[in-house]
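Chain by chain, the residues:
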Amino acid sequence: GYIGTPISILEFNQDSSCILGLLFKEKITEKKVTFYKQIVNSCAQKIRAEKERDILLKTIQKQKSEYQDLFEYVLDPIAIIDLNGKILKHNNAFSQLTGYALSDHSELNLAHISHPDDRSKVLEKRKDLFTKGNFQNLETRIIAKSGNVHWIQVSSSAIYNEEGKVVGSRDI
């Protein structure tokens, strides 16, 4: 934080020369006043930029929190899956459906939970994901941790990196 109020010297006059002279104990010329104005304006710009940055960070944190709440508490199972089919992250609804806790996602893979008779269909749709950017309404079976088989309907969207390459998917 900053203490005090930003100073703005709008024009060179006898009062500003006197004030600056007292502050810096030197004779103040118009050239020096111009120099000090530039310093003050530069500081004021930095203060404004820092305040704007703080506001943006607070907004981003709020939106991230709202997104996280939506992801975690939506009733639809959601998983984030990498190119190799590894499940990187999933929500509570996914845990309830599959029986895998959030901490179990390090061992989860599509091949692990896909029904053996449906794996080729799932792989074919994953190819569509990488070429078309998404797929919708894939009806398939998954095997829960308990061994129970559940029919599900999956829609998926590709996740792209900064270079525009597919790096994974968001599956609901």
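Keep in mind that what you see is a predicted model, and the values were worked out from it rather than measured. (Residues numbered from 1 in each chain as written. Predicted model: local features only at pLDDT ≥ 70, side-chain atom pairs only at ≥ 80, totals over all residues. Heavy atoms only, no water.)

Colleague: Got a minute to help me understand the overall build of the protein in this structure?
Modeller: Counting its regular elements, the protein contains 5 helices and 5 strands. Taking all 172 residues of the protein together, 30% fall into the buried category. Of the contacts made within the protein by residues no fewer than 6 positions apart, 33% connect residues no fewer than 24 positions apart. When the accessible area of the protein is evaluated, it comes to approximately 12,200 Å², of which 55% is carbon and sulfur surface. (Helix = DSSP H or I, 4+ residues; strand = E, 2+ residues; numbered from the N terminus. Buried < 20%, exposed > 50% of the residue type's maximum accessible area, 1.4 Å probe, protein only. Contact = heavy atoms within 4.5 Å. Areas by Shrake-Rupley, 256 points an atom, 1.4 Å probe, with all protein chains shown as cover.)

Colleague: Can you walk me through the pattern of salt bridges in this structure?
Modeller: When charged atoms on two side chains of opposite charge get close, those side chains can pair. Counted by the stated rule, this structure contains 2 salt bridges. Across the salt bridge formed by R53 and D54, the nearest N and O atoms sit 3.8 Å from each other. Owing to a relative accessible area of 33%, D54 belongs among the partly exposed residues under this scheme. Between D118 and R141 there is a salt bridge, with the nearest N and O atoms lying 3.0 Å from each other. Pair noted here: D118 is in the loop between α4 (110-113) and α5 (119-132) and R141 is in strand β3 (residues 134-143), with a separation of 23 residues, a long-range link. (Salt bridge = Lys/Arg side-chain N within 4 Å of Asp/Glu carboxyl O.)

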